[in-house]
Amino acid sequence: MSAAPPTVGVLVDRYGRVARDLRVSLTDKCNLRCTYCMPAEGLPWLAGPQLLSDDEIVRLIRVAVQQLGVTEVRFTGGEPLIRPGLVGIVAAVAALEPRPRISLTTNGIGLDRLAPTLRAAGLDRVNVSLDTLDRERFTRLTRRDRLDDVLAGLAGAANAGLTPVKVNSVLMRGVNDDEAPALLRFALDHGYEQRFIEQMPLDAQHGWDRTTMVTADEILAALKQEFTLVADPAERGAAPAETWLVDGGPARVGVIASVTRPFCGDCDRTRLTADGQIRNCLFATEESDLRGALRAGADDAELAGRWQAATRGKRAGHGIDDPTFLQPARPMSAIGG
């Protein structure tokens, strides 16, 4: 890829969308085996030399923040809490000028122990994945009996001030599609913000089927049986979640309807995988390598230029409704959310 001279403060595609939100995958490994993400035996993990080092991750984030206008950094996985250098990475990013907002998406296991340290390092808030409140279902879904650990992680995050704590839930037909009201009630009772996410075609098994997916309309219909929902008057901007005030507010519930209500036209995200690849979209089939250039001695200006060149190739939308749509080869665990 030829590197164009970087324009300071701009990471823009050919449709005029500016990427200010960087999602950074720290590892493709996870300590759960969720059925909609990976097989029971796990996946072939990236080898150590393929992974970016802590210093390499921080350097690329610094380039994104100081040269390309990124203002938000979200750490993802796999499961980011199992990355040994996580706290140091967070601290280094929090020390950048200008300082980006820093968040983390996690399954919550171990968060109760790490939350105070992460908060002290500079982490601002967390999203925690929780698809069911039923222990048997949780064990069946994740193939691990760790519900108590996730609940403890949520409480630990709130106690440490990593707020607002957001709960991410994926509903699956015939599995947990009856739990939308219960999950929202749980979040309201504990002061968390509930987010429902339509199941997306990012499973390693490539078993996703749109006809069996629980849609945003179905989720909202289920919630309205027990709650009064009013469209949030606040400006949505580039946020992936469409939100509603619950029972008059101020509590809110969000639905991320990537499939049935795509928001590609307002997308402001760029993604860095754990092995140093730039991805313009969760569903992209192309990647742009920064690791090779970084390890070959590229300076910050060249890295910024390569990132900009990659961004210019971003497509107008994810194309899930296109008959020619192909699910990306990488599953969610290897991309980051």
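The shown structure was predicted, so the numbers you read here are calculated from the model rather than taken from an experiment.

**Some thoughts on the environment of A152**
Then comes step 1: By the secondary structure assignment, A152 is in helix 5 (residues 147-160).
Then comes step 2: Judged by relative accessible area, A152 falls into the partly exposed class, the value being 29%.
Then comes step 3: Separated by 42 residues in the primary sequence, A152 and G110 have C-alpha atoms spaced 8.3 Å apart.

**Description of the nonpolar core**
Then comes step 1: Core analysis: the biggest nonpolar cluster contains 70 residues, and V24, I61, F75, V126 and W307 have the highest contact counts within it.
Then comes step 2: Of the residues forming this core, the biggest block, 8 residues, is contributed by helix 1 (residues 54-68).
Then comes step 3: Judged by nonpolar contacts, the second largest core, of 18 residues, contains L171, L223, V255 and A257.

**Some remarks on the side chain of N127**
Then comes step 1: Along the chain, N127 falls in strand 4 (residues 125-129).
Then comes step 2: A polar contact is formed between the side chain of N127 and the side chain of R125, at a distance of 2.3 Å.
Then comes step 3: Every residue in contact with N127, bar those within four places of it in the chain, is listed here: R74, L104, T105, T106, K166 and N168.

**Description of the side chain of N176**
Then comes step 1: Tracing the chain through its elements places N176 in the loop between strand 5 (166-170) and helix 6 (180-190).
Then comes step 2: Apart from residues lying up to four places away in sequence, N176 is in contact with D131, R137, L141, V170 and L171.

**Some details on the sheet that holds strand 2 (residues 72-76)**
Then comes step 1: Reading across from one edge, 7-8-9-6-5-4-3-2-1-10-11-12 is the order of the 12 strands in this open sheet, with mixed pairing throughout. Two strands in the sheet have a free side with no partner beyond their single neighbour: strand 7 (229-231) and strand 12 (288-289).

**Some words on helix 3 (residues 111-121)**
Then comes step 1: Burial in helix 3 covers these residues: L111, A115, L118 and A121. The buried residues of helix 3 occupy one face: seen down the axis, they fall within an arc of 130°. For helix 3, the exposed residues set more than 90 degrees away from the buried face come down to R113 and A120.
Then comes step 2: Where helix 3 is buried, its residues touch helix 2 (86-94), strand 3 (101-106), strand 4 and helix 5.
Then comes step 3: Positive phi shows up at G122, right after helix 3, with a value of about 125°.

**Things to note about the pairing of strand 4**
Then comes step 1: Among the 5 residues in strand 4, 4 count as buried, and that is most of the element.
Then comes step 2: Between the parallel elements strand 3 and strand 4, the chain passes through helix 3 in a crossover that is right-handed.
Then comes step 3: Two elements, strand 4 and strand 5, share 3 bridges in a ladder whose sense is parallel. Bridge pairing links N127 to K166 in strand 5.

**Description of helix 7 (residues 216-224)**
Then comes step 1: Considered for burial, the residues of helix 7 that qualify are A216, I219, L220, A222 and L223. In an axial view of helix 7, the angular spread of the buried residues amounts to 160°, which keeps them on one side of the axis.
Then comes step 2: Tucked inside the fold, the buried residues of helix 7 contact helix 6, strand 6 (193-197), strand 7, strand 8 (242-246) and strand 9 (252-256).

**Some thoughts on the pattern of salt bridges**
Then comes step 1: Enumeration over the complete set of coordinates arrives at 23 salt bridges.
Then comes step 2: Across the salt bridge formed by E286 and R315, the nearest N and O atoms sit 2.5 Å from each other. Of this pair, E286 sits in the loop between strand 11 (277-279) and strand 12 while R315 sits in the loop between helix 9 (300-312) and helix 10 (332-335); the two residues are 29 residues apart in sequence, bridging distant segments of the chain.
Then comes step 3: Between E302 and R306 there is a salt bridge, with the nearest N and O atoms lying 3.0 Å from each other. Here the residue E302 and the residue R306 both occupy positions in helix 9, the gap between them amounting to 4 residues, near one helical turn.
Then comes step 4: Judged by relative accessible area, which is 31%, E302 ranks as partly exposed.

**Focus: the packing of helix 1 against helix 2**
Then comes step 1: Interhelical geometry of helix 1 versus helix 2 gives an angle of 25° and a closest axis separation of 10 Å. Relative to helix 2, the element helix 1 is oriented roughly parallel. Handedness of the helix 1/helix 2 crossing: right-handed. Residues D54, I57, V58 and I61 of helix 1 lie in contact with helix 2, whose contacting residues are I89, A92 and V93.
Then comes step 2: For the contact of helix 1 with helix 2, the per-class residue count stands at 6 nonpolar, no polar and 1 charged.

Quick notes on the rules
Residues numbered from 1 in each chain as written. Predicted model: local features only at pLDDT ≥ 70, side-chain atom pairs only at ≥ 80, totals over all residues. Heavy atoms only, no water. Helix = DSSP H or I, 4+ residues; strand = E, 2+ residues; numbered from the N terminus. Buried < 20%, exposed > 50% of the residue type's maximum accessible area, 1.4 Å probe, protein only. Core = buried A, V, L, I, M, F, W, Y, C linked by side-chain atoms within 4.5 Å. Polar contact = N/O pair within 3.5 Å; in protein donor to acceptor, adjacent residues only side chain to side chain. Contact = heavy atoms within 4.5 Å. Pairing = 2+ DSSP bridges. Arc of directions from axis to C-beta. Right-handed = clockwise from strand over helix to strand, strands pointing away. Salt bridge = Lys/Arg side-chain N within 4 Å of Asp/Glu carboxyl O. Axes fitted to C-alpha atoms, helices over the stretch in contact; angles between N-to-C directions. Parallel < 35°, antiparallel > 145°, perpendicular 65-115°, else oblique. Left-handed = near helix turned anticlockwise from the far one by under 90°. Nonpolar A, V, L, I, M, F, W, Y, C, P; charged D, E, K, R; others polar.

Distances and angles like these do not, on their own, reveal function.
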